[in-house]
Amino acid sequence: MDSNKKYWKGLEELNRTPEFVEKNKNEFAEPIPIEDVLSGDGLSAKTPRRDFLKALGFGVGAVTLAACQRVPVHKSIPYLIKPEEVTPGVANYYSSSYEGQAILVKTREGRPIKVEGNPNDLFSKGGLSAQAQASVLDLYDVNRLKDPKLKGSEAGWSEIDAFVIKELAAIKAAGKNIRLVTSSINSPSTLAVIAEFIKQYPTAKHVTYDAVSYTGIIQANQNSFGKAVIPHYNFDKADVIVSFGADFLGTWISGEEFTRQYVSNRNNKSLESKKMSRHIQFESGMSLTGTNADNRLAIKPSEEGIAIINLYNAISGTTLPGSKKLSNKAAENAITIAAKELVAAKGKALVVAGSNDVATQVLVNAINSLLGSYGTTIDLDNPSKQYAGNDAEFVEFVNELSRGDVAGVLFLNVNPAYDYFKAKEFTDALAKARLKVSFADHDDETALLSNVIAPNHHYLESWGDANAVEGYYTVIQPTINPVYNTRQAEHSLLVWAENPVKDYYTFVRNTWNESLLAKGGLSGQKGWETLLQTGMIKATPNTAGTYTFNRDLNAVAQTILTHSASIAAGDGKFELQVYQSPAIGDGKRANNPWLQELPDPVSKVTWDNFVAVSVADIKKLKLSEGDVVKVTANGYTVSLPVLAQPGQAQGTISIAVGYGRTNAGPVGDNVGKNAFPFYSFRNGTFQTTATVTAFEVTSIKAPLAQTQTHHSYEGRSVIREAKFTEYKKNPAVHSGNEKGHKNYDEESLWDVPSHDRPVYDWVMAIDLNACTGCGACVVACNAENNIPVVGKDEVRRRREMHWIRIDRYYSYEEKGESITEEYEIDKLKDDAFDNVTVVHQPMLCQHCDHAPCETVCPVLATVHSSEGLNQMAYNRCVGTRYCANNCPYKVRRFNWFNYWNDSRFDNYLNNEHTQLVLNPDVVTRFRGVMEKCSMCVQRIQAGKLKAKIEKRPLKDGEIKMACQQTCSANAIVFGNRNDPNSEVSKALKSERTYYVLEELNVQPGIGYQVKVRNAVELEA
């Protein structure tokens, strides 16, 4: 690690605030309530224990019957194997698709319990996002609608069908308009169903609406090249990447795919070849992508368009109107350097922007055209089909409703009563429609305004397909019969269109038989079965065409300037930018407790959104974190707590959308505040920036549930970082592996002989250059290991239960000056925190050979295995917490409650249905015991047993940890160190490998590879 660099998790740690010092001095903030436990008074729950017979009663019955029903109309085909029937204790895997990505669904006794990425997926190669991992939990949500509803009351499907068909016929006879409003659809079969519906009702029109819009990119490509598409970006082919506010490793378009591409030019394999891409990020608020950039520059939203104009001028040598210097001098310098870097990498360069402004995206197209990016890093001929929303079309739809021109509306996977920026205008207009149908599976905000709710299946109960990228098709097949009396939306549309093919499975089969199977070289019944086993087909890609940009950019630049001026704040006011959190996204999954409790990758806040303010502005306003402020913009006011966010551009604030739901369910209701009303509609698209017209500090305090500084290393070195220029000269730089360097004193506190590892020595390697900090591994671990959700209040008490955490470290360095332990905020320059750098570090039980936890356990509840694992015997543990106190990594968790049978946690996992998602191979832990990462020992045992049955040696890579399997970046490698040819052995032999706190000589079993940054020197 650089000697002049200080790493810190949060401002409270940097400043050693009294509260932080006290909490970390007294590691366990509260004593164990022994008397309460012994007397039974400690559980003030309504139903402290679940009776066994009750657990077998009606509550479980609905899901159990769905799982075990033996008379499905069509039998799904398991992935790879086709057992005669379900074998208790043996998992079956089914191929399916989640939002166009090929996945595998693990089922036990007919119950889906885990979603994995399909390793053969064309783009993610087995990686999966946190939202996809959490999607299986939604299947067991007891708040899903059990039956369809007609005018607010439950009804049968025949009654619903009769009413809807009668209403549609009357509307058709009167010549009135019908609108089918959906989110972006890329399913060939669903689009065909919609076409059949419109054929039956000629006054119907399909309106596509996305809460988070990409209309700006689509329209810009239409204007630039005559192709109204979102390109398929190839970050793996780019040597230089410049991004303006595009969170492409997080929420922008296709995060998992872009992560895999991005890391391929920065991981261990690439570094060993002395190659590494360079990434420069310009943005207002600190994003997940910004934390991974080689150089990150903070600029205001009003300066983003100006920065792009400056970049174009620097590359082209021309002078478009609007060129001027940026307020951040380092950012201005970075534009000049970025232009030179991009030109030098012509043909292997890529510029992207997160703006939804058409003019901004047109100028980005012009830059990429100058750089020769089309046909290399940008593919317009095989575009992405994930988003197709048309903002202007939806605004016109609302106007039609207001005029009374629309008599019938059907909503599929959209909730504009919540996420449309003028929700009241929409709801008032909707009241004028005669027929209002929602396919929502919950009583969401829009469904409550409808006179018909025809609840859709969960995707794990559905048939279907997807075409997320041109030429790549995935299939959706059910893994369980419908849990409730729901019906697939496409089935309902076929019935209402009086189509002779009312069975949607048959309709999907017909669609594939007519055209799609042939694209993958398949045909007939055998081809269909092959498709269900593999889950996907890939057609021959379209040949790249030639695209020449030829537009008058003066008018484009003038439009950008007008847009920038409209949001530029003066007189001490703030500029506002709204964004998506990688966990909650646009809010559709706000009722999922795994996602609510997943710490935000940057702020580490759970169960809330907040107002992110720069550290300098916090000082000026004399605010403290948790102070509630009223923010007014676009005529809308919201009250939220503030968060001091290093990296936030001065004079700006950021607020996440997706929160503030009022009808999400008991988990998501009233969590945070709705930020969608801050949107505006300008130049034909929804805009995510605004001027703050009022910023009022209140006397209210609302402390945030933030996990980052719950544990401290007390200033000890845990992060090691190097510059790419240093690495090329010496690959061992800062790793401690330099010749003659001794990493730790061979003298040990533990008089323990070397452990014998005759067959297996299970270890792990984590590449800090690959880990982006997305947190997908945290949710995957939750799902695999039955980790309970504890809720906001318990998180605030430092009682989160996650077995793996992603520690986020800030650092700041200026020539001649660096942050040291003596520095305080007041002694630093106002811009000291604007351009901080960030490192993410996954931290889990290190499975030390000289484990300090093992030596202090009075009952031998934690012991070392002959295969190198630190094991826990839960029924031995008496909860002394000595092991947690003695663990230098702070990775052990204490169970304060019986989370599985305490009604205080009913909203999270404690009910009969959601307990069916539990992995039966992993025991649920009880109150008063310690728990921590087990290295997915159940997976290890299953892999060994399979190899034994097949009478063969265990293959390297055959056993994957849950965290490893979901990682799109392949940052985590697990395996047997005794196998010198294993991937993990090779990774640990890397000169970049170091061990956290190795000076303690606890001999951890997890090695980290030094973070390498390919940054350019910038003058402030």
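Residues numbered from 1 in each chain as written. Predicted model: local features only at pLDDT ≥ 70, side-chain atom pairs only at ≥ 80, totals over all residues. Heavy atoms only, no water.

**Q** Quick rundown of the environment of Phe421? Include the residues and the values.
**A** If you trace the backbone, Phe421 turns up in the loop between helix H17 (416-419) and helix H18 (423-430). Taking relative accessible area as the criterion, Phe421 reaches 13% and is therefore assigned buried. Between the alpha carbons of Phe421 and Phe681 there is a distance of 8.7 Å; along the sequence they are 260 residues apart. Those residues within four positions of Phe421 in sequence are excluded, and the remaining contacts are Phe676, Pro677, Tyr679, Ser680, Phe681 and Phe686. (Helix = DSSP H or I, 4+ residues; strand = E, 2+ residues; numbered from the N terminus. Buried < 20%, exposed > 50% of the residue type's maximum accessible area, 1.4 Å probe, protein only. Contact = heavy atoms within 4.5 Å.)

**Q** Explain the packing of helix H6 (residues 130-139) against helix H26 (residues 776-785) to me, using residue names and the numbers behind them.
**A** Running from N to C, H6 and H26 point in directions that differ by 25°, and their axes come no closer than 8 Å. Between H6 and H26, the angle falls in the class roughly parallel. Viewed along their axes, H6 and H26 form a crossing whose handedness is left-handed. Note on element contacts: H26 touches H6 through Ala776, Val779 and Ala780, opposite Ala130, Gln133 and Ala134. (Axes fitted to C-alpha atoms, helices over the stretch in contact; angles between N-to-C directions. Parallel < 35°, antiparallel > 145°, perpendicular 65-115°, else oblique. Left-handed = near helix turned anticlockwise from the far one by under 90°.)

**Q** Help me get a handle on the pattern of salt bridges, residues and values and all.
**A** A full pass over the atoms with the stated rule returns 39 salt bridges. For Arg403, the salt bridge identified is with Glu396, shortest N-O distance 3.0 Å. Note on Glu396: relative accessible area 34%, which makes it partly exposed. A salt bridge links Glu958 to Arg952, with the nearest nitrogen and oxygen atoms 2.4 Å apart. We classify Glu958 as partly exposed; its relative accessible area is 28%. For Arg952, a relative accessible area of 21% puts it in the partly exposed group. If you follow the salt bridges from partner to partner, you end up with Lys114, Glu116, Glu784 and Arg939 in one network. (Salt bridge = Lys/Arg side-chain N within 4 Å of Asp/Glu carboxyl O.)

**Q** Give me H18: which residues, what numbers.
**A** For H18, the set of buried residues is Phe426, Ala429 and Leu430. With its buried residues spanning 100° around the axis, H18 presents them on a single face. Contact partners of the buried residues in H18: helix H16 (391-403), strand E15 (406-412), H17 and strand E16 (435-438). (Arc of directions from axis to C-beta.)

**Q** So what about the packing of aromatic side chains? Which residues, and what values?
**A** Summed over the entire model, instances satisfying the criterion amount to 43 aromatic pairs. A ring pair is formed by Tyr636 and Phe678, whose centres lie 5.1 Å apart and whose planes are at 75°; its orientation type is edge-to-face. With Tyr636 in strand E25 (residues 636-644) and Phe678 in the loop between strand E26 (652-656) and strand E27 (680-682), the pair connects residues that are 42 residues apart, well separated along the chain. Since its relative accessible area comes to 1%, Phe678 is described here as buried. Three or more aromatic residues joined by ring pairs make a cluster, and in this case those are Tyr209, Phe394, Phe397, Phe411, Tyr420, Phe421, Phe426, Phe681 and Phe686. Between the NZ or CZ atom of Arg881 and the centre of the ring of Phe894, over which it lies, the distance is 5.2 Å. (Phe/Tyr/Trp six-rings, centres within 6.5 Å; stacked < 30°, edge-to-face > 60°. Lys NZ or Arg CZ within 6 Å of the ring centre and 35° of its normal.)

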